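Structural overview
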Amino acid sequence: MSTILRLMLEFFKTGLFSVGGGLATLPFLYEMSDNTGWFTHADIADMIAISESTPGAIGINMSTYAGYKTAGIPGGILASLSLAAPSVIIILIIARFLKKFRDNPHVEGAFYGLRPASIAMITAAGLNVAKVALVDLDAFHASGNPADLFIFKAIILAVLIFIGQKKLKWSPIAFLAISAVVGVVFKF
Amino acid sequence: MNELLDLYITFVRIGCVTFGGGYAMLPILERELVDKRHWTTMDDLRDYFSIGQCTPGIIALNVSTFIGEKKKGVPGALCATTGFLTGPIIIILVIATFLTNFAEQPLVQHAFAGIRVCVCVLIVQAVLRLWKSSVVDGFSLFLYLMIFVLNAFSGVLPVKIPAAILVIIAGVTGVLMSMHNRKKTAAAGSADGKEADK
């Protein structure tokens, strides 16, 4: 029992202090690995790889995995809920505040700055994905041939999805599924 | 009760397809929550994302909490958030129990190389969709470019500024700039008033 409590406490702490997305949890996970021995640094590296190929964020995945390893399925579930708890509490407070002060000129002013910042970060995230999905920097560095820089079949797929999304009003989920199949069939 | 269940199930679906750090989630949220269910607007979604950037926790999770709260208060927030977590938790439990070297399987690697391409496109579309309501003047374009460069090229810059700090700076300059803009329009307004008085 006390193991589960400690699990919950440790992941609650991680959830509270990691600001700005999944990878922000990494330093806390390394620290937890050193302090508790619940998982190793190699486990963290594996989990990064798994998180890149499953929908969940690294923090949630790591908490589920560590919780499962130390206390079975209830441990896995409770550890990830503990990780999420601080952000839920904080967002609930902010949501209340926003409802009250939405029309305040200073709140509106803050959003005037936050909006371009937010889409700037979304653009940067897109660039990071594109760096692995659409171009092959390693092959380019190895050969120096600009033709090796671009992964042409990926770029063709990207263009087709872009056009397809505009023309066919399918759910983005359908395009994700199709892309996975295309990836397997054409060995991306 | 049914609405809470609806919230939960909707976010289970969204949680199962949120690849690529939550940003690719935006077009999915738009489709599921704005177009299909009319639970929120695209502008509100974008504001939730900006707040999610500078508060603890995963952005996608923060957005789920926001929408759940807006729809059904605290119970709604809990349903949306646990719904969002359900898929990833089950997937990791299955992987931890049955599969070893999951990420090294060639099939998995090919499928996710394909998915990453789609995630790129989804992100580009999210940016295009939000551009008009976010980058409205010279100041916001400047902020956009500055924060993009600082964030995207943080690896090659001498100092790495955490994303949360960048967002806070953007919020504060937004407040100052809009105060300045109001003063300017107020001054222009009173000048007009004097003209009219004559």
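Along each chain, numbering runs from 1 in the same order as the chain's sequence is written. Chains and ligands are labelled sequentially in the order written, the chains with letters from A and the ligands with numbers from 1. Reporting in this predicted model follows two pLDDT cut-offs: at least 70 for local features of residues, and 80 or more for side-chain atom pairs to be given and counted; totals over whole chains, interfaces and linings ignore these cut-offs and use all residues.

**Some thoughts on the overall build of chain A**
The helix and strand labels rest on DSSP assignments: H or I over at least four residues marks a helix, E over at least two residues marks a strand, and numbering proceeds from the N terminus. Each helix and strand counted, chain A has eight helices and zero strands in total. For chain A, the α and β elements follow one another from N to C terminus as α-α-α-α-α-α-α-α. C-alpha atoms define the radius of gyration, and 2.2 Å times the number of residues to the power 0.38 defines the globule rule. Relative to the 2.2 N^0.38 estimate, which gives 16 Å for 188 residues, the radius of gyration of chain A is 21 Å and therefore markedly larger than a compact globule would have. Once the C-alpha set of chain A is aligned to its principal axes, its extents read approximately 55 × 50 × 35 Å. Exposure classes come from backbone-placed C-beta atoms, where a residue is buried if 20 or more other C-beta atoms lie within 10 Å of its own, exposed if 12 or fewer do, and partly exposed in between. For chain A, buried positions account for 45% of its 188 residues. Note on contacts: each residue gets a C-beta atom placed from the backbone, and two residues are in contact if those atoms are within 7 Å. Across chain A, contacts joining residues at least 24 apart in sequence account for 45% of those joining residues at least 6 apart.

**Regarding the interface of chain B and chain A**
Listed as interface residues are 90 residues of chain B and, on the opposing side, 81 residues of chain A. Ranked by the residues each element gives to the side of chain B that touches chain A, the list is headed by helix α5 (residues 106-134) of chain B, at 23 residues. Ten residue types, Ala, Val, Leu, Ile, Met, Phe, Trp, Tyr, Cys and Pro, are classed as nonpolar, four, Asp, Glu, Lys and Arg, as charged, and the remainder, Gly among them, as polar. Residues that form the side of chain B that touches chain A fall into these classes: 60 nonpolar, 23 polar and seven charged.

**What to know about the confidence of the model for chain A**
pLDDT expresses how confident the predictor is about each individual residue, on a scale running from 0 to 100. This prediction gives chain A a mean pLDDT of 85; 96% of its residues lie at or above 70. Per-element confidence in chain A is highest for helix α7 (residues 152-167) of chain A, whose mean pLDDT is 91, and lowest for helix α3 (residues 41-52) of chain A, whose mean pLDDT is 76.

**Considerations on the domain arrangement of chain A**
Interfaces are often described in size by the accessible area the parts lose on coming together. Each domain's extent was defined by an automatic or database domain assignment. For chain A, the assigned domains read domain 1 (2-101) and domain 2 (134-185). Each of domain 1 of chain A and domain 2 of chain A has a C-alpha centre, and these two points are 32 Å apart.

**Quick look at unusual backbone geometry**
Of note, the phi angle at K187(A) is positive, near 50°, even though the residue is not glycine. Tracing the backbone through its elements, the reader meets K187(A) in the segment after α8 (172-185). Of note in the backbone geometry, H38(B) takes a positive phi value of approximately 55° without being a glycine. Counting through the fold element by element, H38(B) comes out in the loop between α2 (25-36) and α3 (42-53).

**Observations concerning helix α1 (residues 2-17) of chain A**
Residues and elements named next belong to chain A. Every helix has an expected span of 1.5 Å times one less than the residues it contains. With 16 residues, α1 extends 23 Å between its outermost C-alpha atoms, agreeing within 8% with the 22 Å of an ideal straight helix rising 1.5 Å per residue. What α1 keeps buried is the set L7, M8, E10, F11, T14 and G15. The arc that holds the buried residues of α1, viewed along the axis, is 165°, so those residues lie on one side. The exposed residues of α1 that point more than 90 degrees off its buried face are S2, L5 and L9. Buried-residue contacts for α1 involve α2 (26-36) and α4 (58-101). Picture the helix axis, draw a direction to every C-beta atom, and the arc is the one those directions span.

**Notes on the nonpolar core**
One finds A117(A), C118(B), V119(B), C120(B), I123(B) and I147(B) to be the most contacted residues of the largest nonpolar core, which totals 106 residues. With 16 residues, the top contributor of residues to this core is α4(A). Nonpolar cores are built from buried Ala, Val, Leu, Ile, Met, Phe, Trp, Tyr and Cys residues. These are joined into a set through C-beta atoms within 7 Å.

**Some thoughts on the confidence of the model for chain B**
All names here are of chain B. In this model, chain B carries a mean pLDDT of 85, and residues with pLDDT of at least 70 account for 93%. When pLDDT is averaged over each helix and strand of chain B, the minimum, 81, is found for helix α7 (residues 163-197) and the maximum, 92, for helix α6 (residues 138-152). With a pTM of 0.77, the predicted complex shows an ipTM of 0.78.

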